[in-house]
Amino acid sequence: MTNESDGTTSVGVDWDARAASFDDEPDHGLRDPEVRRAWADRLRGWLPGRACDVLDLGCGTGSLSLLAAEQGHRVTGVDLSPPMVDLARAKLAGRDAVFLVGDAAAPPVGEQRFDAVLVRHVLWALPDPGRALRHWRELLRPGGRLVLIEGVWGPVAPVGIAADRLTALLAPLASHVRVESLSADALLWGKRVEDERYAVVAVVG
């Protein structure tokens, strides 16, 4: 999936080059108060109600990390792109948050364990999603949860991972799996969308 030397991925995106403009997308920068509120409300329903340790993989510039921190969680963010990580660190300066440069599929967190692993639009691009999910499960404390925001995008040559495939991969790993459709909530994306967008919350034993 990743090329540590140049910050690109197997889907051909140079995230280092895109870092400066990444937040221009409504659902990336969350600059519009209504878009920001929509994501905050969803995140509140996906993450534990108490203050906990959240691992944000493929965190980008840290927009979701910031929402989690504002809700009282302790956040560790991981992204392959050093420029993305620099922006995330600046965005969450003074917060209870740490950002690391590394591969989301194998985050450099050592023996640390978390109450929630949060991943948005990353799993679909990994060469072995099942292996990544198994590893992420091992990073959770008992009763922890995976919060996975994914979809299938593009009318001509769709890319992504369908919800039924993802839930099948999670079935042997989690005691409870909930799927929440996000396609109809235009506020999340700053526009109306017609493709498949969803979140899965998987609670492990």
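Within any chain, residue numbers begin from 1 and follow the written order of that chain's sequence. The model is predicted, so local features are restricted to residues of pLDDT at least 70 and side-chain atom pairs to those at 80 or more, both for listing and for counting; the totals for chains, interfaces and linings are taken over all residues. Excluding hydrogens and water, the side-chain values take into account all heavy atoms of the structure.

A. Broad picture of the overall build of the protein. Helix and strand content of the protein: 8 helices and 10 strands. Dimensions of the protein along its principal axes, counting C-alpha atoms only, are 40 × 40 × 35 Å. Residue pairs in contact within the protein that sit at least 24 positions apart in sequence constitute 64% of those at least 6 positions apart. Of the accessible surface of the protein, which amounts to about 9300 Å², a share of 51% is contributed by carbon and sulfur atoms. Computing the positive centroid from 23 side-chain charges and the negative centroid from 29, the protein places the two 5 Å apart. Helix and strand assignments follow DSSP, with helices taken as H or I runs no shorter than four residues and strands as E runs no shorter than two, numbered in order from the N terminus. In what follows, a contact means two residues having at least one pair of non-hydrogen atoms within 4.5 Å. Accessible surface is estimated by sampling points in the Shrake-Rupley manner with a 1.4 Å probe; for residues, cover comes only from the protein chains shown. When charges are counted, Lys and Arg contribute as positive and Asp and Glu as negative, whereas His and the chain ends are disregarded. We put the charge of a Lys on NZ, of an Arg on CZ, of an Asp on CG and of a Glu on CD.

B. Here's a closer look at unusual backbone geometry. Phi angles above zero are rare outside glycine, and His 121 is one such case at about 55°. Summarising the element assignment, His 121 is placed in the loop between strand S6 (114-120) and helix H6 (129-138).

C. Structural view of the pattern of salt bridges. By definition here, a salt bridge exists when the distance from a side-chain nitrogen of Lys or Arg to a carboxyl oxygen of Asp or Glu is within 4 Å. Inspection of the entire model under this criterion finds 12 salt bridges. We note a salt bridge from Asp 115 to Arg 50, for which the minimum N-O separation is 3.6 Å. With Asp 115 in strand S6 and Arg 50 in the loop between helix H3 (33-46) and strand S3 (53-57), the pair connects residues that are 65 residues apart, well separated along the chain. The exposure class of Asp 115 is buried, given its relative accessible area of 10%. We note a salt bridge from Asp 53 to Arg 141, for which the minimum N-O separation is 2.8 Å. Of the two residues, Asp 53 is situated in strand S3 and Arg 141 in strand S7 (residues 140-153); the sequence distance between them amounts to 88 residues. Each member of the salt-bridge network shares a partner with another, and the members are Arg 50, Asp 53, Arg 74, Asp 115 and Arg 141. Only protein chains enter the accessibility calculation, which uses a 1.4 Å probe; a residue whose area is less than 20% of its type maximum is buried, one above 50% is exposed, and one in between is partly exposed.

D. Inspection of the packing of aromatic side chains at higher detail. We call Phe, Tyr and Trp rings a pair once their centres come within 6.5 Å, taking the six-membered ring for Trp, and we label the pair stacked below 30 degrees between planes, edge-to-face above 60, and tilted otherwise. Counted by the stated rule, this structure contains 3 aromatic pairs. The interplanar angle of 85° and the centroid separation of 5.4 Å between the aromatic rings of Trp 39 and Trp 189 together place this pair among those described as edge-to-face. Here the residue Trp 39 occupies a position in helix H3, and Trp 189 occupies one in helix H8 (residues 186-189), the gap between them amounting to 150 residues. With respect to burial, Trp 39 and Trp 189 carry one shared label: buried. Between Trp 124 and Trp 153, the ring centres sit 5.6 Å apart and the planes meet at 70°, which makes this aromatic pair edge-to-face. Taken as a pair, Trp 124 in the loop between S6 and H6 and Trp 153 in strand S7 lie far apart in primary sequence, 29 residues in all. With relative accessibility at 15%, the residue Trp 153 sits in the buried group.

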